[in-house]
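Each chain, letter by letter, is given below.
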Amino acid sequence: MSKITEVAAGILIRPDGDFLLGSRPEGKPYAGWWEFPGGKLEAGETPYEALVRELREEMGIEVEAATPWLVQRFVYPHATVKLHFFLVSQWRGEPHPHEGQAFVWQTAGATTAEPILPANTPILRGLELPPTLALSNVAELGRQGWLDALEQALAGGLRWFVLREPQLARAEYLDLAAAARTLARRYGARLLVHGDPALVEEVGADGVHLPSRLLAEVKERPQGWCGASVHDAAQLAQAAELGLDYVMLGPVLPTLSHPDAPTLGWDGFARLVEQGWPLAVYALGGMRPEFVATARGHGGHGVAMLRAAWR
Ligand SMILES: Nc1nc2c([nH]c(=O)n2[C@@H]2O[C@H](COP(=O)(O)OP(=O)(O)OP(=O)(O)O)[C@@H](O)[C@H]2O)c(=O)[nH]1
Ligand SMILES: [Mg+2]
């Protein structure tokens, strides 16, 4: 096996959500390609220490708040790299190009800088994912009750939701999906179907969420956005192997529907996320909107909610 080069890279995010890319300086592999500022770990350094040093050296800023985020492994002709990406939300100083690079601020889902380093594809997709995902709750609210709650949530800013109603027959599900899709379009929100990837086209959805039992059966990453429910490291690895965009990992806390089921707790959640995955990990189970910061603090991307999404 070839030697693995460990790299730390920082995604500077402004309050409006835009993030910074830098161009790679002349004389380095992939000169002129766009990347997240950062560089190789030196002997004895942690990824966080390397991040702080690299951002100081390459652009003269002091990192004030950064959380570990996705980890991507990639084989280049010149090196096999393990990239530790950090979300950097606070820093001191203005980025200055200390190595002759150019900088551009970019909007997730509408990047204009190109070409971007090939290892960064899942990172750019991850940046499009919102801090909260909602799972539908027709089972408790009833069809109209939930559609009303959905419209209210969309008006309040909800942008991604999963239509998960395993109790419905296919015809009922398709009918509900059509109504949900109309609302989603009106608000520019994304609708993910649940279960069978073939539903994506049938419904005109933006993607599919796979229950964990389907993970082992699906041989190829379905079209569009794709995530899955997972409970352990083996399933996380399967999702990463398939190249999925996100997972919901849980249950983290006890839920009303399964009050006595074993839970991961935030420590268990953090231990699994810490292994480093090239996809966004949402905490699932007993979540509320105000837990986003806690999820981020434990290496996660955000929270996925069922009941709490509709109040
Ligand atoms: N900094 C950075 N490197 C990335 C990204 N994506 C990616 O594949 N890489 C790869 O990770 C490695 C990082 O190396 P680097 O050239 O930035 O390292 P460095 O700043 O320490 O440079 P040096 O070795 O010239 O001192 C390169 O192989 C690069 O292609 C990214 O977004 N940011
Ligand atoms: Mg560098």
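Because the structure is predicted, anything quoted here is derived from the model rather than measured. (Residues numbered from 1 in each chain as written. Chains lettered and ligands numbered in written order. Predicted model: local features only at pLDDT ≥ 70, side-chain atom pairs only at ≥ 80, totals over all residues. Heavy atoms only, no water.)

**Regarding the packing of aromatic side chains**
Right, so step 1: Applying the stated criterion to the full structure yields twelve aromatic pairs.
Right, so step 2: Taking 5.5 Å as the distance between ring centres and 85° as the angle between the ring planes, the aromatic pair formed by Trp266 and Phe269 counts as edge-to-face. Placement of both Trp266 and Phe269 in helix 9 (residues 265–273) is noted, with a separation of three residues, approximately one turn of the helix. For the pair shown, Trp266 and Phe269 are each scored as buried.
Right, so step 3: Taken together, the aromatic side chains of Tyr30, Trp33, Phe74 and Tyr76 make up a single cluster linked through ring pairs. (Phe/Tyr/Trp six-rings, centres within 6.5 Å; stacked < 30°, edge-to-face > 60°. Helix = DSSP H or I, 4+ residues; strand = E, 2+ residues; numbered from the N terminus. Buried < 20%, exposed > 50% of the residue type's maximum accessible area, 1.4 Å probe, protein only.)

**Some points on helix 9**
Right, so step 1: Taken residue by residue, helix 9 has Trp266, Gly268, Phe269, Ala270, Leu272 and Val273 as its buried positions.
Right, so step 2: Each element contacted by the buried residues of helix 9 is listed here: helix 8 (233–242), strand 13 (246–249), strand 14 (280–284) and helix 10 (292–297). (Contact = heavy atoms within 4.5 Å.)

**Section: the side chain of Gln72**
Right, so step 1: With respect to the secondary-structure elements, Gln72 resides in strand 5 (residues 62–75).
Right, so step 2: A distance of 3.0 Å separates a polar side-chain atom of Gln72 from the backbone oxygen of Ala119.
Right, so step 3: Residues contacting Gln72, with those up to four places away along its chain left out, are Val81, Lys82, Leu83, Phe85, Ala119, Pro122, Ile123 and Pro278. (Polar contact = N/O pair within 3.5 Å; in protein donor to acceptor, adjacent residues only side chain to side chain.)

**So, the pattern of salt bridges**
Right, so step 1: A complete count under the given rule lists 20 salt bridges for this structure.
Right, so step 2: Arg14 is the partner of Asp18 in a salt bridge, and the nearest nitrogen-oxygen pair spans 3.2 Å.
Right, so step 3: Since its relative accessible area comes to 13%, Asp18 is described here as buried.
Right, so step 4: Under the relative-accessibility criterion, Arg14 is labelled partly exposed at 28%.
Right, so step 5: Across the pair Arg53 and Glu45 runs a salt bridge, and its minimum N-O distance is 2.6 Å.
Right, so step 6: Its relative accessible area of 12% is what places Arg53 among the buried residues.
Right, so step 7: Judged by relative accessible area, Glu45 falls into the buried class, the value being 19%.
Right, so step 8: Salt bridges here are not isolated pairs; linked through shared partners, they connect Glu42, Glu45, Arg53, Glu54 and Glu57. (Salt bridge = Lys/Arg side-chain N within 4 Å of Asp/Glu carboxyl O.)

**Considering the coordination of the magnesium ion (ligand 2)**
Right, so step 1: Within the protein, the magnesium ion (ligand 2) binds to Gly38 (O) and Glu58 (OE); these donor distances fall in the range 2.2 Å. In this pair, Gly38 sits in strand 4 (residues 38–40) while Glu58 sits in helix 1 (residues 47–59), placing the two residues 20 residues apart along the sequence. For the pair Gly38 and Glu58, a shared accessibility class is recorded, and that class is buried. (Donors = N, O, S within 2.8 Å, 3.2 Å for Na, K, Ca; no water.)

**A word on the UniProt feature "domain: Nudix hydrolase" (unreviewed entry) in the chain**
Right, so step 1: UniProt records the feature "domain: Nudix hydrolase" (unreviewed entry) for residues 3–131 in the present numbering.
Right, so step 2: Split by type, residues 3–131 is 16% helix and 39% strand. Its first and last C-alpha atoms lie 35 Å apart. (UniProt positions renumbered as here; feature names shortened; annotations may be inferred.)

**Considering the site of ligand 1**
Right, so step 1: Around ligand 1, 19 residues are found, and the nearest of them are Arg24, Phe36, Lys40, Tyr76 and Asn120.
Right, so step 2: Within the contact set of ligand 1, an oxygen atom lies 3.4 Å away from a side-chain nitrogen or oxygen of Glu54.
Right, so step 3: Side-chain polar atom of Asn120 to an oxygen atom of ligand 1: 2.8 Å apart, as the coordinates give it.
Right, so step 4: Here ligand 1, which alone exposes 630 Å², has 84% of that area covered by the protein.
Right, so step 5: Among the residues forming the shell around ligand 1, the class breakdown is nine nonpolar, four polar and six charged. (Near = heavy atom within 4 Å. Areas by Shrake-Rupley, 256 points an atom, 1.4 Å probe, with all protein chains shown as cover. Nonpolar A, V, L, I, M, F, W, Y, C, P; charged D, E, K, R; others polar.)

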